[in-house]
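Commentary on secondary and tertiary structure
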Protein chains: 2
Amino acid sequence: MKQEHVQSFPMSAFSSRSAPSAGKAFDRWALARIQASVPGARLRFVLWDGFELVPPAGPAVATIIFRNRRALFSWVWDPELNFGEAYMFGAVEIRGDLVQALQEVYRGWPEVRRGRRRAARERNGVDTARNNVHHHYDLGNDFYRLWLDREMVYTCAYFPTPASSLEEAQTAKLDRVCRKLQLRPGERVVEAGCGWGALALFMARQYGVNVQAFNVSTEQIAYARRRAAEEGLADRVQFVEDDYRNARGRYDVFVSVGMLEHVGLAEYTTLGRMIDRSLTEHGRGLLHFIGRNQAMPLNAWIRKRIFPGAYTPTLAEVFDRVIEPQDLSVLDVENLRLHYAKTLEHWSDRFEANAGQVASMFDETFVRAWRLYLSGSQAAFASGCMQLFQVLFARGRSNEIPWTRESAAR
Amino acid sequence: MKQEHVQSFPMSAFSSRSAPSAGKAFDRWALARIQASVPGARLRFVLWDGFELVPPAGPAVATIIFRNRRALFSWVWDPELNFGEAYMFGAVEIRGDLVQALQEVYRGWPEVRRGRRRAARERNGVDTARNNVHHHYDLGNDFYRLWLDREMVYTCAYFPTPASSLEEAQTAKLDRVCRKLQLRPGERVVEAGCGWGALALFMARQYGVNVQAFNVSTEQIAYARRRAAEEGLADRVQFVEDDYRNARGRYDVFVSVGMLEHVGLAEYTTLGRMIDRSLTEHGRGLLHFIGRNQAMPLNAWIRKRIFPGAYTPTLAEVFDRVIEPQDLSVLDVENLRLHYAKTLEHWSDRFEANAGQVASMFDETFVRAWRLYLSGSQAAFASGCMQLFQVLFARGRSNEIPWTRESAAR
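Conventions and cut-offs
- Residues numbered from 1 in each chain as written.
- Chains lettered and ligands numbered in written order.
- Predicted model: local features only at pLDDT ≥ 70, side-chain atom pairs only at ≥ 80, totals over all residues.
- Contact = placed C-beta atoms within 7 Å.
- Helix = DSSP H or I, 4+ residues; strand = E, 2+ residues; numbered from the N terminus.
- Nonpolar A, V, L, I, M, F, W, Y, C, P; charged D, E, K, R; others polar.
- pLDDT = per-residue confidence, 0-100.
- Domains from an automatic or database assignment.
- Pairing = 2+ DSSP bridges.
- Buried ≥ 20, exposed ≤ 12 C-beta atoms within 10 Å, placed from the backbone.
- Right-handed = clockwise from strand over helix to strand, strands pointing away.

**Some remarks on the interface of chain A and chain B**
Contacts between the two partners involve 26 residues from chain A, matched on the other side by 26 residues from chain B. For the side of chain A that touches chain B, the elements supplying multiple residues, two or more each, are α14 (315-323) and β10 (328-335) of chain A. A total of 8 residues in the side of chain A that touches chain B trace back to one element, the largest contributor, which is β10 of chain A. In terms of residue class, the side of chain A that touches chain B is built from 10 nonpolar, 9 polar and 7 charged.

Written as structure tokens, this is what we have:
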């Protein structure tokens, strides 16, 4: 009964038959529902007419302002999608600390989402994958240059201490990946999804390996190739503008940092087979990806506006579909979620410092969308909604594995 | 057709109608089948009448001798179970290095087993669990004292270097577990399956925590309580002779070392719920267990003679059933399988040095069974058939987690 009532709301709310006073009552009822959906959230909710609800206990850390009825009811209808939509188009405003406000919201949401254990069903074939990647990564190198580190690393950094600089932390991350993989000079490495090439160039430069790096983003590959040429590394790093699934060589090492999120559950066994086909008898590999504690779809707004086709898996999903069918042996898993919150904090700071320039390159709606994406992601990692996993693995029968974690780190 | 033929063999082989020469041909055919089932194994196979098959290439590392026809055909019928049975009762002998011989056998077996991805269906209720534990752990403390370290730690050790002593390595393991868990003085710890109490006593003594340690083995609990009293730790360590599922307290830390193998897949969600019920808001935990790269039942002979009701899971099985349903967050996974091979090497050496005494406590069949179990386990870890996982986790929403692995280790 109650459920039905809610679902018919968005239609009736805009119908001309609603008397103003009934409308006002409905508005306040809807606001109360929203407050109840984030129990205990330290947020003040304000309507366009000044009506407000304060937190049940203690002071508010931020204020959420609805500029119109559409924003209010669309939140009730589908909060995950429409909160983002309303914020992006300026129909919802947040005063106070955006990240803290989003954390308050996210802390309340999981209860609602916990029941929704349905697997993502999208199939990211080669063409879909290319379109999805183009949507995000081909926004222009000039845009990303405004807020990424100078190496253009667009994945979670590793901060030796919380006070480390972003530049230092990205270098530490690249080096940590190489040390986990115990790269030796002359080895062959395949990288699936190489971004602007920072890791591939780092591996070749610092560890003397030969890299074949795959990426379907035209802009990123062009940038990476220029860098390889400038640094005299073009003979050791080959940037291939192609889907990683088309890799046909044999390699000592497989590495993929921040690509699994774009693969989609349905293609995990294909990824596993690609790894199995690519690795030598004593091969090893590393997957670095955004994950979850519990299986659930990625936030609907993020999928619509930021990362079409993306899915953030649990470890069980990755092990069950990518690792175990190929008799690969998991050697080491590390969760770096607080490091991703810190990375996003740096990105947000740089983004805000250049928000005017971003607005002139795109528009204000774009700025608000990206502000929400960066701050929302930071809130998700800080509140434990999102995880960042590095999974190191080797051939199941290979004994060429480090004796201890500490000996590998040297 | 071929399949049927093989399955009818064990009956016909013993029938009086078999002519001697036909019997001899069958014997040789069976031996050839056994050799073919472990392709490439560097083993010499010898029959009771002196007939032998040498490795297809290179010299043999060991010789496997069949003392009678029953041993031969029962191997063909069910190698996993009957190889162990025949060895235990002296109908199969192995000359040369036992561990190396078993590694050669295990390397060949996985191909056969890979198709058998059926889950273990045994339900280890409280009573079954108690009987299973009694079968193995109540063989007498005097027996285990002959070949374990002086702390009586009957789980994988951590060898800082391969040359470390067993005593040093067991202490290093206990300390590694405590450091991963970041134990703080005064915290409450629940231990599920505490063996002879070494970890519980170590945690209380070295880290000042209060421990409630559960075990259903009467002999182990009695031993552990005596030690607690002798060391003046009885006020801080409570050894409870009960199933861990009956724990009803709230704890800062859950720890279980070498018990999950006895839980059985069907009880994993119960274990997960017990962890969820037991942990405080910022609680964390560690599971240390023997695992697999691919789901398959534990060796049939080991289940029959050594560990009834045991199952060694993959990480996906543990995460899917124990960890993820409770919104626990995996922080760290370490695979120590080579350390278990080394641990078992030490145990075997000590066991062999005391084999005469073991025989006088039990009999020669017992000695051979345990020789096979210890050497077979060593071979399984050394060849990658078995894994040893330490999984560290925390409440999904808790931010009281170490900033880095290195900062936790201090």
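Moving on, there is more to tell.
**Some details on the confidence of the model for chain A**
Residues and elements named next belong to chain A. For chain A, mean pLDDT is 90; residues scoring 70 or higher make up 91% of the total. Counted against residues more than four places away or in other chains, residues 1-18, with its pLDDT under 50, gives 12 contacts. The model gives residues 111-120 a pLDDT under 50, and that stretch makes 12 contacts with residues more than four places away or in other chains.

**Here we look at the domain arrangement of chain A**
Residues and elements named next belong to chain A. Partitioning chain A into structural domains gives domain 1 (2-113) and domain 2 (126-409). Each of domain 1 and domain 2 has a C-alpha centre, and these two points are 35 Å apart. Counting residues at the interface gives 18 residues for domain 1 and 18 residues for domain 2. Among the elements of the structure, α4 (79-88), α5 (98-108) and α6 (110-113) are those that each provide at least two residues to the side of domain 1 that touches domain 2. Element by element, the count of residues in the side of domain 1 that touches domain 2 is highest for α4, at 7 residues. Residue composition of the side of domain 1 that touches domain 2, by class: 10 nonpolar, 3 polar and 5 charged.

**Description of the sheet that holds strand β4 (residues 92-96) of chain B**
Residue and element names in this part refer to chain B. Pairing within the open sheet is mixed, and its 4 strands lie in the order β2-β1-β3-β4. Looking along the sheet, the strands with just one partner apiece sit at the ends: β2 (52-53) and β4. Sheet topology note: the strand β1 (residues 43-46)/β2 ladder contains 2 bridges and is antiparallel. If you follow V46 over to β2, its bridge partner there is E52.

**A look at the environment of M152 of chain B**
Residues and elements named next belong to chain B. Tracing the backbone shows M152 in the loop between α9 (141-145) and α10 (166-181). Note on M152: 18 C-beta atoms within 10 Å, which makes it partly exposed. Each C-alpha atom, one on M152 and one on L199, is 10.0 Å from the other, the two residues being 47 residues apart in sequence. Ignoring anything within four residues of it in the chain, the contact list for M152 reads Y144, R145, G195, W196 and A198.

**Describing the pairing of strand β8 (residues 251-257) of chain B**
Residues and elements named next belong to chain B. Among the 7 residues in β8, 7 count as buried, and that is most of the element. Judged from the 3 bridges that link them, strand β5 (residues 188-192) and β8 form a sheet pairing that is parallel. Paired with E191 across the bridge in β8 is V255. What joins β8 to strand β9 (residues 279-291) is helix α13 (residues 268-278), and the crossover it makes is right-handed.

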